[in-house]
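Residues per chain are reported as follows:
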Amino acid sequence: MSISTERPWSDPSLPAAERAGLLLAAMTLEEKVAQLGSRWAGNDMADQELPEDETINVAPMEDVFATGGSLSLEDASRNGLGHLTRVWGSYPQSVEQGVAEVIRQHEVVLKGSRLGVPAIVHEECLTGFTTYGATVYPASIAWGATFDPGLVERMAAAIGRDMAAAGVHQGLSPVLDVVRDYRWGRVEETMGEDPYLVAILGSAYVRGLQSAGVLATLKHFAGYSASRAGRNHGPVSMGRRELLDIILPTFETAIATAGAGSVMSSYADLDGLPAGADPWLFSDVLRDDWGFEGTVVSDYWAVPFLASMHHVAADDADAGALALTAGTDVELPDTIGYAGLVAKVRAGEIPEDLIDRAARRVLQQKAELGLLDSDWTPQSSVSDKPVDLNSEQNRAVGAELAEKSIVLLDAGTALPLTNLTKVAVVGPCADDPRTLMGCYAFPNHVLPRYPERGLGITIPSPLDALRNELSGVEYARGCAVTGDDRSGFEQAVALAQDCEVVVAFVGDLSGLFGHGTSGEGCDAEDLGLPGVQGELVDALLDTGKPVVLVVVSGRPYALGAYADRLAGLVQAFIPGQEGAAAIAGVLSGRIVPSGKLPVQIPRHVGGQPGTYLQPALGSVESAGISGLETRPLYPFGYGASYTSFAVGDLRLSASEIGSDGEFTATVRVENTGDRAGDEVVQLYLRDLVARVARPLKLLTGFARVSLEPGQAADVTFRVHADRTAYTGPDLRRIVEPGEFDVMVGTSALDLPCRAMLRMTGDVRVVGHDRVLTTPVTISADPGGG
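Residues numbered from 1 in each chain as written. Predicted model: local features only at pLDDT ≥ 70, side-chain atom pairs only at ≥ 80, totals over all residues. Heavy atoms only, no water.

**Student:** Sorry if this is basic, but what is going on with the overall build of the protein chain here?
**Tutor:** Along the backbone of the protein chain there are 19 helices and 27 strands. Classification of the 785 residues of the protein chain by burial places 63% in the buried group. Long-range pairs, those at least 24 residues apart, make up 79% of the contacts in the protein chain with a sequence separation of at least 6. Within the structure as shown, the protein chain displays about 26,900 Å² of accessible surface, and the carbon and sulfur contribution to it stands at 47%. (Helix = DSSP H or I, 4+ residues; strand = E, 2+ residues; numbered from the N terminus. Buried < 20%, exposed > 50% of the residue type's maximum accessible area, 1.4 Å probe, protein only. Contact = heavy atoms within 4.5 Å. Areas by Shrake-Rupley, 256 points an atom, 1.4 Å probe, with all protein chains shown as cover.)

Here it is in structure tokens:
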């Protein structure tokens, strides 16, 4: 391979940083700025309104987001281009058409610019590659319910392989926001309410995606999930300590342990300062403290939002200067604010060094991706073999994820369903496959604008799956997911009265910006079931027939009004295209359920917040101080099974360690039932006396253990003193000597194994080099009894 002396940056034998520097030196100011922009050539979100919905009436999409770049791709890339936005994910197209469009857009960028630097192609991949005909995996909240980082990594690797074969370089996932308010529509996009669970699963996703050569993008940095009243884009009233101890560690862990390549800014403001305009977040913390060397990209239109929404900039150009100065390297999905950067530099309003700083990062990433290599071509960027985006292997991983995510809350008197001749299946989530998918799944994200294209893949409904599992299944819808139409109640009640058991499917239909009950911009006023679904459940219960309630949702709903009257209760967090068979398998008993709650199930529709991470005055220990009930209906980490487990015999390697030492905690877990199954063993710590009010318990380690009947295993957690670190009164993170409760069990409220640990020595100030994870080893007996 010959390397042109005129283009030394195309030599792959040189370090990526050196290549980036050589290319940067050859660029004009206009060419450098072009590397910081993007173009969404296929965006039709504002060109078509969604079909009229029978119950939902919201503003058209163009009223929610700016349409962005009006330039043609040719004009937008005259000086080059940083990113090509969603070539695959904007409208339905075949694999052949998608490949051709990737090549076409690349050729436009290459032919129209002086230096011919390829653009990075990015796509959404939150529930799989967001494109027509691709596998739809369970939503992130379902990954949380698996407590299985290895499985999440396998899923992400499968997603990455498909994207890489399609010529995609960067995926806009995972979401590392920690749930703070269940009413927030994007709960479904998170992995739960505990920072350690989110950190471990999110890091696994990053490793999987990047193993295929696709950059992962951590989002949304930072605080987005803690908006007031759970309102999308709402202001965030959060102190620096909560941000440092609850929100930021998920991002820090994914960078430190998985080498995440990119970070996306949040839309929200933190105490009045928009995240995208905050140099403390993107320079002091992300770069200086954590040593992050990748790129920061804006969330879509977050740069012009600094002017149009936050009003901290006078216009788009000022917004661009503000975002660049704070540390945003690339503006997505179109170049709007950054279009004014050249003029800002020429006028002396911002130094060219800031342009160079961002452009160097982008170019280094392009070198690392192979885009600067002399033999790179648009044709070589895509697979030369047929690409199956919904392969049997993909579906198998999706099915395993779905099965491990289903949470049995209560088997009651009816589960599993056996020896039945007539089963009434009722509810709006029973016969609509769309309720199994998240808002970033292509069938819910894009295809509502193309109703003639169907779902793009075959997705059985829960009703279909139950008919495959059971005999005598009959169906009545009862009501829609939303709205106040009760005309179907009579038929549903009549069917219930004529059957042995009723299986009621209620919950969510994910969508965007009000076109759904869960998803981005689909926030809830309270935690009651949407529409009249709660009334339908009451009507079914009033028949006196056994009712099994299956909640298919992206957030937890308050179920206290029904729990004591149900004959069984199952929570299915948006389980994806293979989710129907997983739900049916749990209901029939074919599958032994093993999912655990990544968020709590509340008793009452109000009473925010409901997460388990509470200090004493926010917990059940404060009974009598307030008349509000704080105990959840089902706690974080909870999940029942069709077999039984015993966890006991807690052994600490030491009862006292130094403030820079470590200890191990070992417990014995045994399958005491008559079926093989999985248990998730969870370790929590409580700091008995701290300088600030701390949560009464924090998940510090967990392990999913598979056991045959009668089989036992020792689970050993290796806990470094750094895992007790917290942010003190002076906002420095410290490890403080004292006494700690070590608690092990199977949920945040079922912790039968307890021991006391004393930590001695000096207070230690710790930073990014501290121990962030708790390694676990499992030593299982050879077999069951």
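**Student:** Looking at this structure, how should I read the packing of aromatic side chains?
**Tutor:** When we look at a pair of aromatic rings, we describe it by the centre distance and by the angle of the planes. Under the definition given, this model contains 18 aromatic pairs. One aromatic cluster is present, formed by Phe147, Tyr196, Tyr612, Phe636, Tyr684 and Phe702 through successive ring pairs. Cation over ring: lysine 219 sits above tyrosine 440, and NZ or CZ is 5.6 Å from the ring centre. (Phe/Tyr/Trp six-rings, centres within 6.5 Å; stacked < 30°, edge-to-face > 60°. Lys NZ or Arg CZ within 6 Å of the ring centre and 35° of its normal.)

**Student:** Is there a simple way to think about the packing of helix α6 (residues 149-165) against helix α14 (residues 392-405) in this case?
**Tutor:** Each packed pair of helices is defined by two parameters, the angle between the axes and the distance between the axes. In contact at an axis separation of 10 Å, α6 and α14 are set at 150° when each is read in the N-to-C sense. By the angle between their axes, α6 is roughly antiparallel relative to α14. Considering only the axes of α6 and α14, their crossing is left-handed. When α6 is examined against α14, the residues Leu151, Arg154, Met155, Ala158 and Asp162 are found in contact with a partner set consisting of Asn394, Val397, Glu400, Leu401 and Lys404. Looking at the contact of α6 with α14, its residues break down into five nonpolar, one polar and four charged. (Axes fitted to C-alpha atoms, helices over the stretch in contact; angles between N-to-C directions. Parallel < 35°, antiparallel > 145°, perpendicular 65-115°, else oblique. Left-handed = near helix turned anticlockwise from the far one by under 90°. Nonpolar A, V, L, I, M, F, W, Y, C, P; charged D, E, K, R; others polar.)

**Student:** So what exactly am I meant to see when it comes to the pattern of salt bridges here?
**Tutor:** Any two side chains of opposite charge can pair, given that their charged atoms come close. The full count for this structure, using the stated rule, is 42 salt bridges. When the shortest N-O distance is used, the salt bridge between arginine 486 and glutamate 535 registers 2.7 Å. Taken together, the residues span a long stretch of sequence, with arginine 486 in the loop between β12 (473-476) and α17 (489-497) and glutamate 535 in helix α18 (residues 533-541) at a distance of 49 residues. Residue classification places glutamate 535 among the partly exposed positions, given a relative accessible area of 37%. In this structure, aspartate 722 engages arginine 764 in a salt bridge whose closest nitrogen and oxygen atoms are separated by 2.8 Å. Taken together, the residues aspartate 722 in the loop between β21 (712-720) and β22 (726-727) and arginine 764 in strand β26 (residues 764-765) connect sequence positions 42 residues apart. A relative accessible area of 5% means that aspartate 722 is categorised as buried. Connected through salt bridges with shared partners, the residues Asp649, Arg651, Arg668, Asp714 and Asp781 form a single ionic network. (Salt bridge = Lys/Arg side-chain N within 4 Å of Asp/Glu carboxyl O.)

**Student:** Help me understand the side chain of threonine 700 in this model?
**Tutor:** Looking at where threonine 700 falls in the secondary structure, it is placed in strand β20 (residues 698-707). In this view, threonine 700 contacts Tyr196, Leu683, Tyr684, Leu685, Val719, Arg723 and Thr774; residues no more than four positions away in its chain are not counted.

**Student:** Before we go on, may I ask you to explain the sheet that holds β26 in this structure?
**Tutor:** Pairing between the strands of a sheet is mediated by backbone hydrogen bonds and can be parallel or antiparallel. If you trace the three strands from one edge of the open sheet to the other, you get β22-β23-β26, paired in antiparallel fashion. The open sheet has two edge strands, β22 and β26, and neither has a second partner. (Pairing = 2+ DSSP bridges.)

**Student:** In this structure, what is going on with the environment of phenylalanine 221? I would like to understand it.
**Tutor:** Relative to the helices and strands, phenylalanine 221 is located in strand β5 (residues 215-221). When its relative accessible area of 0% is taken as the criterion, phenylalanine 221 is described as buried. Put simply, phenylalanine 221 and leucine 176 are 45 residues apart on the chain and 8.4 Å apart in space, counted from C-alpha to C-alpha. Apart from the residues lying within four places of it in its own chain, the contact partners of phenylalanine 221 are Leu248, Phe251, Val263, Met264, Ser265, Ser266, Ala275, Leu281, Phe282, Leu286 and Trp290.

**Student:** When you look at the sheet that holds strand β4 (residues 170-171) in this model, what are you seeing that I'm missing?
**Tutor:** With parallel pairing, the seven strands of this open sheet are ordered in space as β1-β2-β3-β4-β5-β6-β9. Across the chains shown, the open sheet's two edge strands, defined by having one partner strand only, are β1 (38-39) and β9 (295-297). As paired elements, strand β3 (residues 120-123) and β4 share two bridges and run parallel to each other. Counted as the bridge partner of glutamate 123 is glycine 171 from β4. Lying on the sheet, helix α7 (residues 195-211) is in contact with β4 and β5; it crosses β5 at an angle near 145°. Of the strands in this sheet, β5 and β6 (262-265) touch helix α8 (residues 240-258), which is tilted by about 165° from β5.

**Student:** When you look at empty space enclosed by the protein in this model, what are you seeing that I'm missing?
**Tutor:** Taken as a whole and judged by the stated rule, the model has seven cavities of 30 Å³ or more. The space that makes up the largest cavity amounts to roughly 450 Å³. Taken together, 27 residues make up the lining of the largest cavity; nearest its centre are Asp245, Arg694, Leu698, Arg723 and Ala725. Of all the elements in the fold, those that place two or more residues in the lining of the largest cavity are α7, α8, β19 (677-687) and β20. If you tally residues by element for the lining of the largest cavity, the top one is α8, at five residues. Split by residue class, the lining of the largest cavity holds 15 nonpolar, three polar and nine charged. (1 Å grid on protein atoms, 1.4 Å probe; cavity = no way out; pocket = protein on both sides within 12 Å on 5 of 7 lines; lining within 4 Å. Points joined across faces, edges and corners; volume = space filled by probe spheres on them.)

**Student:** Looking at this structure, how should I read the packing of helix α1 (residues 16-25) against helix α13 (residues 352-368)?
**Tutor:** Where α1 contacts α13, the two axes come as close as 8 Å, and the packing angle between them is 125°. Overall, the two elements α1 and α13 adopt an arrangement that is oblique. Relative to α13, the crossing made by α1 is right-handed. Residue-level inspection shows Ala16, Ala17, Arg19, Ala20, Leu23 and Leu24 of α1 in contact with α13, the latter providing Asp356, Ala359, Arg360, Leu363, Gln364, Ala367 and Glu368.

**Student:** What's the story with α14 in this structure? I'm lost.
**Tutor:** In an α-helix, one full turn covers 3.6 residues, which means residues spaced three or four apart are oriented alike. With 14 residues, α14 ought to run about 20 Å at 1.5 Å a step, and its terminal C-alpha atoms sit 20 Å apart, in line with that. Among all positions of α14, only Asn394, Val397, Gly398, Ala399, Leu401, Ala402, Lys404 and Ser405 are buried. (Expected span 1.5 Å × (residues − 1).)

**Student:** Could you clarify how one ought to interpret the pairing of β5 in this entry?
**Tutor:** In summary, the side chains of a regular strand alternate between the two faces of the sheet. Buried residues dominate β5, accounting for seven of its seven residues. Pairing of β4 with β5 involves two bridges; the strand directions are parallel. Bridge assignment links glycine 171 to a residue of β5, and that residue is alanine 216. Pairing between β5 and β6: three bridges, direction parallel. Of the residues in β6, the one forming a bridge with leucine 218 is valine 263. With α8 bridging β5 and its parallel neighbour β6, the resulting β-α-β unit is right-handed. (Right-handed = clockwise from strand over helix to strand, strands pointing away.)

**Student:** Before we go on, may I ask you to explain the environment of valine 102 in this structure?
**Tutor:** With respect to the helices and strands, valine 102 occurs in helix α4 (residues 95-112). The sequence separation of valine 102 and leucine 84 amounts to 18 residues, and the corresponding C-alpha distance is 8.9 Å. Apart from the residues lying within four places of it in its own chain, the contact partners of valine 102 are Val87, Trp88, Ala166, Ser381 and Val382.

**Student:** I tried to follow the side chain of glutamate 520 on my own but got confused; where do I start?
**Tutor:** By the secondary structure assignment, glutamate 520 is in the loop between β13 (501-507) and α18. A distance of 2.6 Å separates a polar atom in the side chain of glutamate 520 from a polar atom in the side chain of tyrosine 440. (Polar contact = N/O pair within 3.5 Å; in protein donor to acceptor, adjacent residues only side chain to side chain.)

**Student:** Is there a simple way to explain a nonpolar patch on the surface in this structure?
**Tutor:** Together, Leu688, Val689 and Met756 give the surface a local cluster of nonpolar side chains, amounting to about 270 Å² of exposed area. Classification of leucine 688 by relative accessible area gives partly exposed; the value is 34%. (Patch = residues over 30% accessible without salt bridge, like charges linked within 9 Å, V, L, I, M, F, W, Y side chains within 5 Å.)

**Student:** Got a minute to help me understand unusual backbone geometry in this structure?
**Tutor:** Outside of glycine, negative phi angles account for most residues, and trans bonds account for most peptide bonds. Cis geometry marks the peptide bond from serine 173 to proline 174, where omega comes out at 10°. On the secondary structure map, proline 174 appears in the loop between β4 and α7. Despite not being glycine, alanine 229 shows a phi value in the positive range, around 60°. When you line up the elements, alanine 229 lands in the loop between β5 and α8. Even without being a glycine, histidine 311 presents a positive backbone phi close to 60°. As for its position among the elements, histidine 311 is in the loop between α10 (302-308) and α11 (316-326).

**Student:** What should I look at first to understand the environment of leucine 110 in this one?
**Tutor:** Structurally, the position occupied by leucine 110 is in helix α4. Given a relative accessible area of 23%, leucine 110 falls into the partly exposed group. For the pair leucine 110 and arginine 287, spaced 177 residues apart in sequence, the C-alpha separation works out to 32 Å. The residues touching leucine 110, leaving out its near neighbours within four places in the chain, are Gly116, Val117, Pro118, Trp376 and Pro378.

Remember, this is a structural readout, not a statement about activity or role.
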